[in-house]
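What the coordinates show
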Amino acid sequence: AMHRAAPNIYSGPLLEMVDGLIPDLKTLAGTHHKAAIYIANGHGAWEAALANIVAPGDKVLAPATGRFGFGWGEVASALGAEVEMIDFGKSDAMKTDQIAEVLRADKAHKIKAVLGTHVDTSTSIKNDIPALRRAIDAAGHPALLMVDCIASMGCDRFEMDAWGVDVAVTASQKGLMTPPGLGFVFFNEKAAENRASLPAVSPYWDWVPRANPEMFYQYFQGTAPTHHLFGLREALTMILHEEGLEAVLDRHAVLARAVWAAFDVWAQSGPAKMNVSNPAERSNAVTAVHIGAPDGTALRDYLSGNLGVTLGIGLGMAPPGDPSWHGYFRVGHMGHVNAHMILGTLGAIEAGMKHLGIAHGDGGLAAAAKICSGK
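Residues numbered from 1 in each chain as written. Predicted model: local features only at pLDDT ≥ 70, side-chain atom pairs only at ≥ 80, totals over all residues. Heavy atoms only, no water.

Remarks on the overall build of the protein chain
Along the protein chain, the regular secondary structure elements total 12 helices and 13 strands. Relative to a compact globule of 375 residues, whose C-alpha radius of gyration would be 21 Å, the protein chain shows 21 Å and is just as compact. By principal-axis analysis of the C-alpha atoms, the protein chain measures approximately 60 × 55 × 40 Å. Burial analysis of the protein chain (375 residues in total) assigns 55% to the buried set. Within the protein chain, contacts between residues at least 6 apart in sequence are counted, and of these 70% link residues at least 24 apart. In the structure as shown, the protein chain presents an accessible area of about 15100 Å², 54% of it carried by carbon and sulfur atoms. (Helix = DSSP H or I, 4+ residues; strand = E, 2+ residues; numbered from the N terminus. Rg over C-alpha atoms; globule rule 2.2 N^0.38 Å. Buried < 20%, exposed > 50% of the residue type's maximum accessible area, 1.4 Å probe, protein only. Contact = heavy atoms within 4.5 Å. Areas by Shrake-Rupley, 256 points an atom, 1.4 Å probe, with all protein chains shown as cover.)

Digging into the nonpolar core
L25, F158, V165, F186 and L229 are the most contacted members of the largest nonpolar core, which has 48 residues in total. Listed by contribution, the elements that provide at least two residues to this core are α1 (13–29), β1 (34–39), α4 (96–105), β4 (111–117), α5 (129–138), β7 (144–148), β9 (182–187) and α8 (226–243). Residue contributions to this core peak at eight residues, all from α1. Excluding residues within four positions of it along the chain, L25 makes contact with I37, L176, F184, F186, L232 and L236. Grouped together as the second largest cluster of nonpolar side chains are 32 residues, V60, V75, A113 and W205 included. (Core = buried A, V, L, I, M, F, W, Y, C linked by side-chain atoms within 4.5 Å.)

Concerning α4
Along α4, the positions that sit buried rather than exposed are T96, I99, A100, V102 and L103. Here the buried residues of α4 occupy an arc of 160° about the axis, which is enough to place them on one side. The outward face of α4, more than 90 degrees from its buried face, is lined by the exposed residues D97, E101 and A105. (Arc of directions from axis to C-beta.)

Some words on the sheet that holds β4
The mixed open sheet is built from seven strands, whose spatial order is β1-β9-β8-β7-β4-β2-β3. Edge positions in the open sheet fall to β1 and β3 (82–87), since each of these has one partner strand only. Mean inter-strand twist for the sheet, computed between neighbouring axes without regard to direction, equals 20°. The sheet contact formed by strand β2 (residues 59–64) and β4 spans three bridges and is parallel. Directly across from V60, in β4, lies its bridge partner A113. Packing of α1 onto the sheet brings it into contact with β1 and β9, and relative to β1 it is tilted by some 105°. Where helix α6 (residues 189–197) meets the sheet, it contacts β4, β7, β8 (167–171) and β9, and its direction lies at approximately 105° from that of β7. (Pairing = 2+ DSSP bridges. Axes fitted to C-alpha atoms, helices over the stretch in contact; angles between N-to-C directions.)

With respect to the sheet that holds strand β11 (residues 286–290)
Two pairing modes exist for strands in a sheet, parallel and antiparallel, and in both the strands are linked by backbone hydrogen bonds. Pairing in this open sheet of four strands is antiparallel, and the strands run β10-β11-β13-β12 from one edge to the other. Each end of this open sheet is capped by a strand with a single partner; those strands are β10 (273–274) and β12 (312–313). When β10 meets β11, the two strands line up antiparallel, connected through two bridges. From the neighbouring strand, M274 faces β11, where its bridge partner is V289. Here helix α10 (residues 295–307) sits on the sheet and contacts β12 and β13 (328–332); the angle it forms with β13, its principal contact strand, is near 45°.

Some points on the environment of F68
Considering the arrangement of structural elements, one finds F68 in helix α3 (residues 67–78). In the structure, F68 is positioned 256 residues away from S324 in sequence and 20 Å away in space, judged by C-alpha atoms. Every residue in contact with F68, bar those within four places of it in the chain, is listed here: H43, W46, D120, T121, S122 and L315.

Regarding unusual backbone geometry
The peptide bond linking A293 to P294 adopts the cis configuration, its omega dihedral lying at 5°. Here P294 is to be found in the loop between β11 and α10. In the Ramachandran plot, S124 falls in the positive-phi region, its phi being about 70° despite a non-glycine side chain. Checked against the element boundaries, S124 lands in the loop between β5 (119–120) and β6 (125–126). Judged by relative accessible area, which is 3%, S124 ranks as buried. At M177, a position not held by glycine, the phi torsion is positive, near 60°. Inspection of the secondary structure puts M177 in the loop between β8 and β9.

In structure tokens, the structure reads:
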């Protein structure tokens with residue numbers, strides 16, 4: 001879809017295509033509210049959302065279940081906000097009753113927003129966003145609920161309006177199956193009112209013209225990212241109009257269970273353990289694994305060098321320079337993946353463990369194949 005000549009950016013089919021993208025993006029996010037597109041990665045989407053919500057001196061609450069929960073808080077801090085972090089560790093989902101206690105203690109309602117992460121890509125923890133909404137409501141607190149869906153959208157179920165989310169952010173490179181370079185921010189009327197109260201928002205990050213453009217260029221505050229848009233159009237067509245969103249979510253759920261089945265078997269007689277022990281708190285997009293140093297790096301290097309398979313690094317699982325960093329890896333099962341891709345990846349992992357002499361239970365690949373075949 002992207003391999004084509006550059007189009008006219010002032011008139012013609014490109015303009016019509018972008019008009020059609022917006023309703024599909026909102027369908028994917030489960031919202032009837034506003035959507036803004038940015039030429040940015042996920043970090044840019046974080047900043048775009050925050051730039052329309054917080055002014056220097058405002059306070060936000062950032063519960064973290066991995067590196068990316070901290071990362072969003074760091075962006076807020078760089079914008080001048082006061083950030084209260086709650087670290088829930090790297091293996092368990094956030095405890096919403098603890099968040100409610102913090103909000104109840106904020107009698108002056110200084111906390112302007114809660115920065116929730118639906119799926120933290122580093123730890124593969126999936127947090128219960130409806131429960132987080134209930135915690136905010138139970139505390140009687142007016143804070144906006146902002147949710148990072150960068151890893152989850154299009155892979156794990158997310159329903160912005162039904163779950164009471166005020167702002168949601170995602171990016172193109174994971175469940176949306178498009179190369180990195182597009183960020184998306186969805187926001188409701190409560191968030192829009194907050195934006196209207198700010199003294200200033202930089203022209204590039206301001207979501208008002210992007211969500212309500214009078215001229216085409218305002219969608220992007222300048223030249224459109226034409227070829228990314230062609231890719232995005234094809235991806236949304238595949239997700240929503242060909243396979244269908246429910247089927248896409250079901251496919252991710254099956255493939256995730258296949259990955260988990262393999263690691264359950266391998267863990268019976270070896271060191272490879274999934275980072276998240278509770279299946280209800282695991283993401284259908286990615287699985288983080290601890291195998292012990294130096295085997296994580298050794299396995300990643302062997303697979304990339306000999307079998308054409310790239311495993312994710314153990315991002316944020318150990319401090320920089322700590323040798324234990326070499327004991328982690330991640331398996332991505334998000335976006336345009338199917339059974340033979342996942343079984344191929346798991347087969348490569350099993351072959352790599354055998355070649356490197358890493359102990360593991362027998363039959364992991366077979367257990368995954370049973371899940372994929374529906375047995």
